[in-house]
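Overview (structure and organization)
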Amino acid sequence: MKVTDWLKMGTNTQFAVRDQSQVVSSDNFGSVTPYSQMYEPLPDGSGWSDILEYAPSGNISASRNPWLNLEYQDQSSIYNTLNSKIYATITLPYGFSFTSEYITRFEWERWYRSDSSEHPDWGKQGGIARRRNTTRFGWQLNNIVKWNKTYGEHSFDFTFLQNAEKNQYWRDYMVRKQFQPNDVLGYHRMQAATEDVEISSNDTYSTADALMARLNYIFKGKYALTGSWRRDGYSAFGQSNPRANFGSAAFAWTMSEEDFFDVSWVDMLKLRLSYGDNGNRGVGTYDAMSQLATGKYVLQTDGTAHYVSQLYSSRMANSELKWERTTAYNLGIDFSTFNGRLRGNIEGYLMQTTDLLIPRKLPEITGYSSVYSNLGQINNRGFEVSLTSINMQKNDFEWTTDLSLAFNRNEIISLYGDLDEEGNELDDVTNRWFIGHALDEIWNYQTDGIWQVEEAEEAAKYSRSPGDYKIIDTDGDGYYTNDDKVFQGYSKPPWRINLRNDFKYKNFEAGIKMYAHLGFKTANNHLRNNDVFYDRGSSFNVPYWTPENPSNTWASVESYESGFTVYEDNSFLRIDNLSVSYNFPTELLQRVQIERCKLSFIASNPYVFTSWSWMDPERGSTWGYTPSTYSLKLNLTL
């Protein structure tokens, strides 16, 4: 709202209520056979009652009725969110302006649940009920001064920012059981329970502040310089280092605007260089502080045992904890050629992250399991390419393509600084972090197919049988130890590709969008074939190993599965969207007084190409598929 020529004010407020009270069935459908009866039979055998069968397949441990939760559980889950922003902008002389913003976020959640004592599993608890109330409140205050001015061929844009914020959190949680005389009121009458399971609360708050200055300078429209400086503070860091300074600088040069540049087929060519520091405050609100805990222990005095209360420190403080810092170097090129027929950008980058926020493990003799510290260095390097091309534009036909390609790889440069006798830094074998390797690089036993019948004697040396997975004994000593583990790929895709093609011919339009994740592996332990009790539950129809079907991928039923993981290539190419549409001619529509009419057929996720042998490659080893949908749409504008 414009109040005067120099004052503008406004507000933006949003309120949302989300009800997630519905109780969902369990995922036990995977263990219930198609021949199972979900309801108990009537006593006279004439039909089926309305009482749910506890274990439809008879396998109590693996195939309980997936509808039990729906019958015996009551839940209320309501989330409320209120977001509001109030701001005012004052226009000052000489190109200055001042803006003040006050932003609030208020969330409150009420989650209640009761498990009826009528449930076969919960009956001995006499009913159990839970009540959790959570409130979050946060605010930010931003004061921004801007100056924008142009003097001839020089353009300046200054920004100064002062920021402050506060976040608070309240949580009350109560769990009680053994309701008397009954639990029919569930979570509506918690005082009817006679036994406490848990009563807890958690109240926290944190504060932060920031100062920032940024300059954008452009000369002759072809040289651009950007510089910025920030000072950020966060209350969760140690008392010695609550604040840190970060800076950045970037330069861009549009070479195609220079007089000496004379390449007829290049429309625009720009070179970009940048350097910058950024901070990460991803640490718990009180992780830098010591924490007191209470407990009880048994003390025997003169032959009599009694409880003694204790107060002790459960977390070590680190007053030196500070911001994690990432320094990034970037080189980029923007271009357009052949009158816009091919345009895009190419980016190359190197990011060095130091002072990582890591809970470092401590010897048990210290009395603490770990302490949050700043340790090590990890480098990320990669490149990104984005291209847009007009492949054909002739005789009412047009074909355009959009392609984006990204590659990223990280490397651990340093960890804790501990050295061996030869002066080399030690790896962290427990967490599987190794100097010179990636965080997501897989280090484990490597499998080599499945033991076959003719290999029974060799398999017995490792206490295995035909049909079990074969693990490579790297050092050949007859035992499986850490010395046999090898690096065998990455668990995250280093390559990501997106490709879209659009076609137009007169009134017809068609498009196909695809994306691919390449070059990574995922654990697929379903290949070990030990998911259920095969004599009492259903299983997936897979080509498991038998002497007559000597598979080298799917192990035998109930094969040996302990102590190793089977990794499988999880690369895939997915057709994300396929569409064909027709725009009815305007002259035809005018006869029936219709302004616009479009008929479309859309297929979402129609197919995925992969060698992954489980379900959906994008869901990894979990159950389920990404659904495919097919739509026929008619859009009319009268």
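From a predicted model like this one, the values you see are computed outputs, not experimental measurements.

1. Some details on the overall build of the chain
- Broken down by element type, the chain carries three helices and 28 strands.
- Relative to the 2.2 N^0.38 estimate, which gives 26 Å for 638 residues, the radius of gyration of the chain is 32 Å and therefore markedly larger than a compact globule would have.
- Overall, the chain is about 90 × 75 × 75 Å in size when its C-alpha atoms are taken along their principal axes.
- When each of the 638 residues of the chain is scored for burial, the buried share is 33%.

2. Some remarks on the pattern of salt bridges
- Enumeration over the complete set of coordinates arrives at 27 salt bridges.
- Between Glu107 and Arg105 there is a salt bridge; the shortest N-O distance is 2.5 Å.
- Of the charged contacts in the structure, one is a salt bridge between Arg113 and Asp115, with a shortest N-O distance of 3.5 Å.
- A residue is classified by how much of its surface remains accessible, and Asp115, at 3% relative accessible area, is buried.
- Among the ionic contacts, a cluster of salt bridges with common partners joins Arg105, Glu107 and Arg136.

3. Looking at the nonpolar core
- By size, the foremost hydrophobic cluster in this structure holds 14 residues, and its most contacted members are Ile450, Tyr469, Leu527, Trp554, Phe564, Val566 and Trp614.
- Discounting chain neighbours no more than four positions away, the residues touching Ile450 are Glu455, Gly467, Asp468, Tyr469, Lys470, Trp545, Ser551, Asn552, Thr553, Trp554 and Ala555.
- Membership of the second largest hydrophobic core comes to 11 residues, among which are Ala236, Phe246, Trp323 and Leu357.

4. Here we look at unusual backbone geometry
- Cis geometry marks the peptide bond from Gln180 to Pro181; its omega dihedral reads 0 degrees.
- Within the secondary structure, Pro181 is located in the loop between strand 7 (154–179) and strand 8 (193–219).
- The backbone of Gln178 sits at a positive phi, close to 60 degrees, despite the residue not being glycine.
- Along the chain, Gln178 falls in strand 7.

5. Let's talk about the packing of aromatic side chains
- Taken as a whole and assessed by the stated rule, the structure comprises 34 aromatic pairs.
- Centroid distance Phe219 to Tyr223: 6.0 Å. Interplanar angle 20 degrees. Geometry classified as stacked.
- Overall, Phe219 belongs to the partly exposed group, its relative accessible area being 21%.
- We classify Tyr223 as partly exposed; its relative accessible area is 25%.
- Three or more aromatic residues joined by ring pairs make a cluster, and in this case those are Phe96, Trp147, Tyr151, Phe156, Phe158, Phe160 and Tyr217.
- A cation sits over an aromatic face here: Arg131 above Tyr112, 3.9 Å from the ring centre.
- Taking NZ or CZ as reference, Arg464 lies 3.9 Å from the ring centre of Tyr560, over its face.

6. Thoughts on the pairing of strand 13 (residues 304–315)
- By the bridge criterion, 11 bridges tie strand 12 (residues 291–301) to strand 13 in an arrangement that is antiparallel. Residue Thr294 lies in a different strand from strand 13, and its bridge partner there is Leu311.
- Counted between consecutive antiparallel strands, the loop separating strand 12 from strand 13 contains two residues, among which Asp302 sits at a positive phi close to 50 degrees.

7. Section: the side chain of Asp428
- Relative to the helices and strands, Asp428 is located in the loop between strand 17 (397–414) and strand 18 (441–444).
- In this structure Asp428 is buried but unpaired, with Lys361 as the nearest side chain of opposite charge at 7.3 Å.
- Side chain to side chain, Asp428 and Tyr416 meet in a polar contact 2.4 Å long.
- At a separation of 2.8 Å, a polar atom in the side chain of Asp428 contacts the side chain of Asn431.

8. Considering a nonpolar patch on the surface
- A cluster of nonpolar residues, Val580, Leu599, Phe601, Tyr630, Leu632, Leu634, Leu636 and Leu638, forms a patch on the protein surface that exposes about 840 Å² of accessible area.
- Those elements that place two or more of their residues in the nonpolar patch are strand 27 (596–610) and strand 28 (629–637).
- By residue number, the principal contributor to the nonpolar patch is strand 28, which donates four residues.
- Structurally, the position occupied by Val580 is in strand 26 (residues 572–583).

9. Quick look at the side chain of Asn80
- Mapped onto the fold, Asn80 is located in strand 4 (residues 73–91).
- Looking at Asn80, the relative accessible area reads 11%, which means it is buried.
- Not counting residues within four places of it along the chain, the set of residues in contact with Asn80 comprises Phe15, Ala16, Val17, Phe106, Glu107 and Trp108.

10. Side note on the environment of Asp287
- Topologically, Asp287 is positioned in the loop between strand 11 (266–280) and strand 12.
- Judged by relative accessible area, which is 16%, Asp287 ranks as buried.
- Residues Asp287 and Leu311, 24 residues apart in the sequence, show an inter-C-alpha distance of 19 Å.
- Within polar-contact distance, the side chain of Asp287 engages the backbone nitrogen of Gly284 at 2.9 Å.
- Here Arg315 takes part through its side chain, which lies 3.5 Å from a polar atom of the side chain of Asp287.

11. Quick notes on the environment of Ser539
- Looking at the element boundaries, Ser539 is found in the loop between strand 24 (521–523) and strand 25 (567–569).
- Residue class for Ser539 comes out partly exposed when judged on its relative accessible area of 35%.
- Sequence separation between Ser539 and Val32 is 507 residues; the distance between their C-alpha atoms is 8.7 Å.

About the criteria used
- Counting restarts for each chain, with residues numbered from 1 along the sequence as it is written.
- Totals for whole chains, interfaces and linings use every residue, but because this is a predicted model, local features are given only for residues with pLDDT of at least 70 and side-chain atom pairs only at 80 or more, for both listing and counting.
- Excluded from the side-chain calculation are hydrogens and water; included are all heavy atoms of the structure.
- Strands here mean DSSP runs of E at least two residues long; helices mean DSSP runs of H or I at least four residues long; both are numbered from the N terminus.
- With the radius of gyration taken over C-alpha atoms, the globule rule is written as 2.2 Å times the number of residues to the power 0.38.
- Remark: exposure states derive from per-residue accessible area (1.4 Å probe, protein chains only) relative to the maximum for the residue type, with buried under 20%, exposed over 50%, and partly exposed in between.
- For salt bridges, the criterion is a side-chain nitrogen of Lys or Arg within 4 Å of an Asp or Glu carboxyl oxygen.
- Only buried residues count toward a nonpolar core. Its members are Ala, Val, Leu, Ile, Met, Phe, Trp, Tyr and Cys residues joined through side-chain atoms within 4.5 Å.
- Throughout, a contact is declared for two residues whenever any of their heavy atoms are within 4.5 Å.
- Within 6.5 Å between ring centres, the rings of Phe, Tyr and Trp (the latter by its six-membered ring) count as paired, and their orientation is classed by plane angle as stacked under 30 degrees, edge-to-face over 60, tilted in between.
- Only when the NZ atom of a Lys or the CZ atom of an Arg is both within 6 Å of the ring centre and within 35 degrees of the ring normal do we say a charge sits over the ring.
- Any two strands with at least two DSSP-identified bridges between them are counted as paired.
- Neither His nor the chain ends contribute to the count of charged residues, in which Lys and Arg are positive and Asp and Glu negative.
- Throughout this description, a polar contact denotes any pair of N or O atoms lying within 3.5 Å of each other; where both atoms belong to protein, one of them has to be capable of donating a hydrogen while the other can accept it, and for residues adjacent in sequence the pair is counted only when both atoms sit in side chains.
- Patches here are clusters of residues that have more than 30% relative accessible area and form no salt bridge, with a 9 Å joining cutoff for like charges and a 5 Å cutoff for nonpolar side chains (Val, Leu, Ile, Met, Phe, Trp, Tyr).
- All accessible-area figures derive from a Shrake-Rupley calculation using a 1.4 Å probe, and residue coverage is judged against the displayed protein chains alone.

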